[in-house]
Each structure stands twice: as C-alpha cells, then as structure tokens.
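Coordinate analysis (summary)
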Amino acid sequence: MDGNGRWAEARGLPRIEGHRRGSESVRDVVRAARELGLQALTIYAFSSQNWARPVDEVTALMQLLCDFVRDERDEIMQNGIRLRTIGQIERLPAFVQAPLAALVADSAAHTGMTLCLALSYGGREAIVEAARSALADGVAPAQLDEATFSARLPTRDLPPLDLLIRTSGEQRLSNFLLWESAYAELYFTDTLWPDFRRAHLGAALDAYRGRERRFGLTSAQLSDITEDN
Ligand code: IPE
Ligand code: MG
C-alpha cells in the first residue's frame, strides 16, 4: 500500500489524512477479496523501516491500526476470516498488541480467507531470522533446502504468493516478501492507495489472469502439462 502521503499532500491535507483514507481502502479491498474467494491476502501495513518516520506519523499509524482491529473485529469473526501477522509484533505498542493478539487467537481456527497483516515487517529481516533459527536448532548444512528453509519463514502457513500489487507508481519491492515473491506476478499501478478500491483489485486480478506463469519452463511444456491433466 503506497501513496497515502502523496494523496494527502496533493489536497493540502496532513499526511495522516491520507493514512486515514488509506485504511478505508484496506476495509474495502479486504471485503472484496473475501467475496471474490481469495484464499489469502497479505497487507504490507508497516515496514521495519517505517519506524524511522517522524514520531507523530508513527503514533498516528499505530492508532489507526488499533482502530482497524477494533472496528473490523466483528466482521472478521462473523465471516470466518483468519487473521494473522508477520513481522516483529513485539515492537508494536502494547495498546495495539493486546487487541491484535486477541483477534489473532480468536480467529485462529477460522477456515475462510486468511488476512495477514505485515507489521514491523521486513523481508530481509525475516530471512535472517529464519537462518538464525536454523543455526540455533543445529540444522546440518546438508539438511537445509528450500522446503526446510521456507518452513522457518513467518509465511510458512500461507499459500504460495501468486500476485503482488504495488500502488502509487513505484516499481520496487521495498523489502516485502522477498523470498516469497520469487515467482509472484508483479502488478504495478499508478493509483494511489487511498484511491485503490474493489474495482482496482478486480483490474489487477484480470491482469493476473492474462499472465502465463511458466516457472522456468517453456510455453510448449506448459500446454503439454495442461493436456495431460
Ligand atoms: C504508505 O503510504 C503507507 C505506509 C507506509 C503505512 P506512504 O506514507 O508511503 O505514502 P507516500 O509514499 O508518502 O505517498
Ligand atoms: Mg511511500
């Protein structure tokens, strides 16, 4: 989700107004994703690097996060959504951690869409953490492969990442799901996050459907596989 600040600045509003409006986009997109039957949706809400923003902005973002958890609780519970998080949750203030942990626990057994919030998250940090855990467990080098390494990443219980959307015209990953995006389809749009709603998600999914995912194979091999099935 990118472009909240620019959305506000273009209107002569404080940046936080962009974040507030952006949280409405989150609600709309989460609802649409569930109704469309997506299995999982991960929202990059706050990066490890975002802590270095002005303290007022960080405080306002934490308050918005707390509001989101409070306001969405009923809808998450009623619709069987499983809420989970990735990132260094222990760095979040207690007033966010408590309601967040409660909703994660209360929704843990749900079997509907998984909504994953990336909070104080960084892809490199996650990879380093996975490597550390393997070392700490004394995993032998020959025992470590892609599967055993993936199982140590915080996304271990999420389905493979199919589509990664970045808004606001920037064309970079900015430390998001670095390992997981190896074969993800990337979709870039100029739309600023506060303007990104259900219809924009639909357009991204349409673009995704038009892509040919080869995973290193040739087009001809893929049609052989489809014919075999
Ligand atoms: C993304 O919008 C929201 C968060 C990082 C939480 P930005 O705040 O990065 O918006 P721009 O890039 O300044 O427009
Ligand atoms: Mg930005």
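Worth saying up front: this structure is predicted, and the values here are computed from it rather than measured. The written sequence of each chain sets the order in which its residues are numbered from 1. Starting at A for chains and at 1 for ligands, labels are handed out in the order in which the entities are written. For this predicted model, a pLDDT threshold of at least 70 governs which residues receive local features, and a threshold of 80 or more governs which side-chain atom pairs are given and counted, while totals over whole chains, interfaces and linings are taken from all residues. Calculated side-chain values reflect all of the structure's heavy atoms, with hydrogen atoms and water omitted.

Turning our attention to the overall build of the chain. From N to C terminus, the chain includes eight helices and five strands. Secondary structure elements are defined from DSSP: runs of H or I of at least 4 residues count as helices, runs of E of at least 2 residues count as strands, and each element is numbered from the N terminus. Going from N to C terminus, the chain has its helices and strands arranged as α-α-β-α-β-α-β-α-α-β-β-α-α. Against the globule reference of 17 Å for 229 residues, the chain gives a C-alpha radius of gyration of 19 Å, in line with a compact fold. C-alpha atoms of the chain, sized along the principal axes, occupy 55 × 45 × 35 Å. Our radius of gyration is a C-alpha quantity, and the globule rule it is checked against amounts to 2.2 Å times the number of residues to the power 0.38.

With that settled, consider the pattern of salt bridges. Within this document, salt bridges are pairs made up of a side-chain nitrogen of Lys or Arg and a carboxyl oxygen of Asp or Glu, the two lying within 4 Å of each other. Across all of its chains, the model carries 26 salt bridges by this definition. Its salt-bridge partner being glutamate 170, residue arginine 6 comes within 3.1 Å of it at the nearest N-O pair. Of this pair, arginine 6 sits in helix 1 (residues 4-9) while glutamate 170 sits in the loop between strand 4 (163-166) and strand 5 (185-188); the two residues are 164 residues apart in sequence, bridging distant segments of the chain. Classification of arginine 6 by relative accessible area gives partly exposed; the value is 33%. In this structure, arginine 27 engages aspartate 71 in a salt bridge whose closest nitrogen and oxygen atoms are separated by 3.8 Å. Of this pair, arginine 27 sits in helix 2 (residues 15-36) while aspartate 71 sits in helix 3 (residues 55-78), and the two are 44 residues apart along the sequence. Each of Asp2, Arg6, Arg166, Glu170 and Arg172 takes part in a single network of salt bridges with overlapping partners. The classification of residues rests on relative accessible area computed with a 1.4 Å probe and restricted to protein chains. Under 20% of the type maximum is buried, over 50% is exposed, and intermediate values are partly exposed.

Our focus in this paragraph is the packing of helix 2 against helix 7 (residues 198-209). With their axes 8 Å apart at the nearest point, helix 2 and helix 7 run at an angle of 50° to one another. By the criterion of interaxial angle, the relationship of helix 2 to helix 7 is oblique. For helix 2 against helix 7, the interelement crossing comes out right-handed. Of the residues in helix 7, those in contact with Asp28, Val29, Arg31, Ala32, Ala33, Glu35 and Leu36 of helix 2 are Arg198, Leu201 and Leu205. Residue polarity follows a fixed list, in which Ala, Val, Leu, Ile, Met, Phe, Trp, Tyr, Cys and Pro are nonpolar, Asp, Glu, Lys and Arg are charged, and the others, Gly among them, are polar. Residue classes in the contact of helix 2 with helix 7 are distributed as six nonpolar, no polar and four charged. Note on definitions: angles span 0 to 180 degrees between N-to-C directions of axes, and those axes are lines fitted to C-alpha atoms, for helices only across the stretch in contact. Any angle between 65 and 115 degrees counts as roughly perpendicular, while under 35 counts as roughly parallel, over 145 as roughly antiparallel, and the rest as oblique. Helix crossings are classified by the rotation of the near helix relative to the far one: an anticlockwise turn of less than a right angle makes the crossing left-handed, while a clockwise turn makes it right-handed. In this analysis, two residues are considered to be in contact whenever any of their non-hydrogen atoms come within 4.5 Å of each other.

As a further point, take the environment of alanine 45. By the secondary structure assignment, alanine 45 is in strand 1 (residues 40-47). Assessed through its relative accessible area of 28%, alanine 45 is described here as partly exposed. Along the primary structure alanine 45 and tryptophan 179 are separated by 134 residues, whereas in three dimensions their C-alpha atoms are 18 Å apart.

For cavity detection a 1 Å grid was placed over the protein atoms alone, and a set of points counts as a cavity when a 1.4 Å probe fits there but cannot get out; an open set counts as a pocket when protein lies on both sides within 12 Å along at least five of seven lines, with lining residues being those that have an atom within 4 Å of a point. Grid points are joined across faces, edges and corners, and a volume is the space filled by probe spheres set on the points. One pass over the full model with this rule turns up one cavity of 30 Å³ or more. Arg27, Val30, Arg31, Arg34, Phe68, Glu72, Glu75, Ile76, Ile81 and Leu115 together form the lining of the largest cavity. Class assignment for the residues of the lining of the largest cavity results in five nonpolar, no polar and five charged.

With that settled, the discussion passes to the sheet that holds strand 3 (residues 114-121). Pairs of strands are assigned from DSSP output, requiring at least two bridges between the strands. As summarised here, the arrangement of the three strands in space is 1-3-2, forming an open sheet in which the pairing is parallel. Only two strands of the sheet have a single partner each, and these edge strands are strand 1 and strand 2 (82-86). Shown here is a sheet whose adjacent strand axes are inclined to one another by a mean of 20°, direction ignored. Two elements, strand 1 and strand 3, share seven bridges in a ladder whose sense is parallel. Residue pairing across strands places threonine 42 opposite cysteine 116, the latter belonging to strand 3.

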